[in-house]
Amino acid sequence: MTNITNEDCMELMSRYPDNHFELAIVDPPYGIDLANMNMGLGKAKKSSKAKNRKWKPKDWDKTPPNKKYFKELFRVSVHQIIWGGNYFDLPPCYGYVVWDKEIPKGLSFADCEIAWYSFKKAAKIYKYSTYNDKKNKFHPTQKPIALYEWLLMNYAKEGDKILDTHLGSGSIAIACHNLGFDLTACEIDKEYFDAAMKRLEQHKSQQRLF
């Protein structure tokens, strides 16, 4: 079952009791303006490839979530996997998940992304090239479906209810659909919400054809 809404995540979480979700997998804004930033320079810079991108520059990534967000997130979920955890003031954790993006040598983009998690498990590295899904990318921080499937297979149990407070491109929705997990999610940006829902429905339609 999938319940995805176009709303603020604080409104969504306020409707649920403590520990309602077994696992929250979230990718909130890091507060470093990834959509417009040339990584490594510290200032926004126009790229010669910008005109070929499928997304518009927006201000959503300039402000990270506040303490109230994390308090609610920890209230409604038993376990959490938080992308960009190295940017936030979070409790000490046992380990991290590291996504090795297999970036070709010589490029200035980050080689990996880090997720904080609440599990008492050793740190793990997942290797998957960010270029595998480049042609289908419409969100500046879009993560691969395969990455979310790997997270679900390694950190979720059958029957777990999954929460995502920042749906973005909807990759997690497709992963949950593929693996049979119940997902509750929201996306505050109407344009991204519509695009993510269209992507999910197209994926379901393709599966029905086969």
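Predicted model only: the values in this text are computed from it and were never measured.

All right, on to the overall build of the protein then. Summing up its helical and strand segments, the protein has five helices and eight strands in all. Walking the protein from its N terminus toward its C terminus, one meets helices and strands in the order β-α-β-α-β-β-β-β-α-β-α-β-α. Taking all 210 residues of the protein together, 45% fall into the buried category.

The backbone phi angle of N19 is positive, close to 55 degrees, even though this residue is not glycine. Here N19 lies in the loop between α1 (9-14) and β2 (21-26). When its relative accessible area of 47% is taken as the criterion, N19 is described as partly exposed. Unusually for a residue other than glycine, E102 sits at a positive phi of about 50 degrees. Mapped onto the fold, E102 is located in the loop between β4 (96-100) and β5 (112-117).

Okay, the environment of D164 next. Mapped onto the elements of the fold, D164 is located in strand β7 (residues 161-164). Placed 141 residues apart in sequence, D164 and L23 show a C-alpha to C-alpha distance of 9.0 Å. Within the structure, the side chain of D164 is placed 3.1 Å from the backbone nitrogen of H166, a separation counted as a polar contact.

Turning our eyes to something else, we now look at the nonpolar core. Side chains of a nonpolar character, in soluble globular proteins, are inclined to be buried together. In this structure, I25, L73, I81, W83, L151, Y155 and I162 are the most contacted members of the largest nonpolar core, which totals 51 residues. The greatest single-element share of this core, amounting to seven residues, is contributed by helix α3 (residues 145-155). Leaving out residues up to four positions away in the same chain, I25 has contacts with I81, W83, Y148, L151, L152, L163, D164 and I172.

Basis of the calculations
- Residues numbered from 1 in each chain as written.
- Predicted model: local features only at pLDDT ≥ 70, side-chain atom pairs only at ≥ 80, totals over all residues.
- Heavy atoms only, no water.
- Helix = DSSP H or I, 4+ residues; strand = E, 2+ residues; numbered from the N terminus.
- Buried < 20%, exposed > 50% of the residue type's maximum accessible area, 1.4 Å probe, protein only.
- Polar contact = N/O pair within 3.5 Å; in protein donor to acceptor, adjacent residues only side chain to side chain.
- Core = buried A, V, L, I, M, F, W, Y, C linked by side-chain atoms within 4.5 Å.
- Contact = heavy atoms within 4.5 Å.

Worth remembering: the numbers are spatial, not functional.
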